[in-house]
Amino acid sequence: MLAAVIVVLANPPGNGGPHPKSARSVHGIVRKLAPYWTVRPGDTLAEISDKTGLSIGQLEAYNPDASVQSLAVGQRLKLWRHPPSPRPKPRGPRFRTVRPGDSFGSIAAKTGINLAKLEHLNPRLKPATLQPGDRIRLRP
């Protein structure tokens, strides 16, 4: 009895079997996909198509440089027509604690920040009185 209930729930009446994907269902799938697919050993466009729900034509359109014969392990394939742009690189720490032997010049050199900008960001700290433990602002 339980098996019959499971079968009916899994295949409700009126569900005449597999239907071609409608445009609406494809868009629903695309929104849930990651923006990229990293090719693994043995991957083909057909397998990637089956796993993602995208057609081979869509995969080829999103990746015009990729061909069936040239998929390489580690290659990234776009799964969206317009994948999001990469996130900007983090700007780095906002502060730095002065260590023994540090000076404004050495901190500027280590962080790649212009010495004048470093002094401008830290008007209360004087280069001559810099002590270990002081906090230096590195960016606004």
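Scope of this entry: the structure provided in the associated data block. (Residues numbered from 1 in each chain as written. Predicted model: local features only at pLDDT ≥ 70, side-chain atom pairs only at ≥ 80, totals over all residues. Heavy atoms only, no water.)

Further remarks concern the overall build of the protein. If you tally the helices and strands in the protein, you get 6 helices and 4 strands. Taken from the N to the C terminus, the helices and strands of the protein come in the order α-α-β-α-α-β-β-α-α-β. Burial analysis of the protein (140 residues in total) assigns 24% to the buried set. Sequence-distant contacts, at least 24 apart, represent 55% of the contacts inside the protein between residues at least 6 apart. Element-wise, carbon and sulfur atoms account for 58% of the exposed surface of the protein, whose accessible area totals about 10,400 Å². (Helix = DSSP H or I, 4+ residues; strand = E, 2+ residues; numbered from the N terminus. Buried < 20%, exposed > 50% of the residue type's maximum accessible area, 1.4 Å probe, protein only. Contact = heavy atoms within 4.5 Å. Areas by Shrake-Rupley, 256 points an atom, 1.4 Å probe, with all protein chains shown as cover.)

With that settled, the discussion passes to helix α3 (residues 45-52). Along α3, the residues that are buried comprise Leu45, Ile48, Ser49 and Thr52. Along α3, the residues classed as buried sweep out an arc of 105 degrees about the axis, all on the same side. Opposite the packed face of α3, turned more than 90 degrees from it, sit the exposed residues Asp50 and Lys51. (Arc of directions from axis to C-beta.)

For an α-helix the count is 3.6 residues per turn, leaving residues at separations of three or four pointing the same way. Within the span of helix α5 (residues 104-111), buried status applies to Phe104, Ser106, Ile107 and Ala108. In the core, the buried residues of α5 are packed alongside β3 (95-97), α6 (115-121) and β4 (135-137). One or two residues past the end of α5 sits Gly112, with phi positive at roughly 75 degrees.

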